[in-house]
Amino acid sequence: MRLLLLPLLVALSLSALEIVDRPILFGPERITLTQQYIKRHYGYDARSIEITPKIVVIHYTAIPTLEGSFRAFYPETLPGGRADIQRASRLNVSAHFLVDRDGTVYRLMKENRMARHVIGLNHCAVGIENVGGGNGEENLTREQLRANVELVRYLVKKYPTIGYLIGHYEYRRFETSPLWLERDGGYRTVKKDPGERFMRALRRHFPGLKSAP
């Protein structure tokens, strides 16, 4: 499997995007924890956890395998070892999509439900996780890039409210934006995913989407 290199010219397939549904646990407990997260961090009571997508956020899992990545998102509550975000909520991290090393796209949850994947912006962001990136290495594949391009195209067509495309490492650019709702000034994490090279290659296909407010 070829790793992503620059300069990179991607010949995209004209075939329709194929999405495999592989849902994580999203029962009453996760819904309640999501509502509690919204109340604590965004300051409003949410009867519904549906979102209006305005931003697509690209991530890598920092886990080398599909199964390991899926297991990380599957439980409704955070496992041990996430002290950096555990104090903010017991709600487990998640994303709407997971892209395997070979480019296979898995949908983990409903696209219009809130997932916990980006501080301050979860309420309006669709998350795409890519398997890889362990030890901060920018090792996502050409196949993943092709899949991300097709997936973002699908999302933009389905949700015309989307105006931004960012890497997770760029999320703090929105702290002065009306889209930013985080109330806890001390709740921030340092992110590098999915890497600047990957985002540059992805953005070439979406000149109309902004990376900052």
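Predicted model only: the values in this text are computed from it and were never measured. (Residues numbered from 1 in each chain as written. Predicted model: local features only at pLDDT ≥ 70, side-chain atom pairs only at ≥ 80, totals over all residues. Heavy atoms only, no water.)

Caption draft 1: Region of interest: the nonpolar core. Counting 38 residues, the largest nonpolar core has I55, L98, L121 and F174 as the members making the most contacts within it. Only helix 1 (28–42), strand 2 (55–60), helix 2 (66–73) and strand 6 (164–167) provide two or more residues apiece to this core. Apart from the residues within four sequence positions on either side, I55 is in contact with L121, C124, A125, V126, Y164, I166, F174 and L179. (Core = buried A, V, L, I, M, F, W, Y, C linked by side-chain atoms within 4.5 Å. Buried < 20%, exposed > 50% of the residue type's maximum accessible area, 1.4 Å probe, protein only. Helix = DSSP H or I, 4+ residues; strand = E, 2+ residues; numbered from the N terminus. Contact = heavy atoms within 4.5 Å.)

Caption draft 2: Up close: the sheet that holds strand 5 (residues 125–130). What the 6 strands build is an open sheet, ordered 1-4-3-5-2-6; its pairing is mixed. For this open sheet the edge positions go to strand 1 (19–21) and strand 6, each flanked by a neighbour on one side alone. This sheet shows a mean twist of 25° between the axes of neighbouring strands, independent of strand direction. Sheet topology note: the strand 3 (residues 97–99)/strand 4 (residues 105–107) ladder contains 3 bridges and is antiparallel. Counted as the bridge partner of F97 is R107 from strand 4. Seen against the sheet, helix 2 touches strand 3, strand 4 and strand 5 and runs at an angle of roughly 165° to strand 3. Here helix 5 (residues 196–203) sits on the sheet and contacts strand 2 and strand 6; the angle it forms with strand 6, its principal contact strand, is near 160°. (Pairing = 2+ DSSP bridges. Axes fitted to C-alpha atoms, helices over the stretch in contact; angles between N-to-C directions.)

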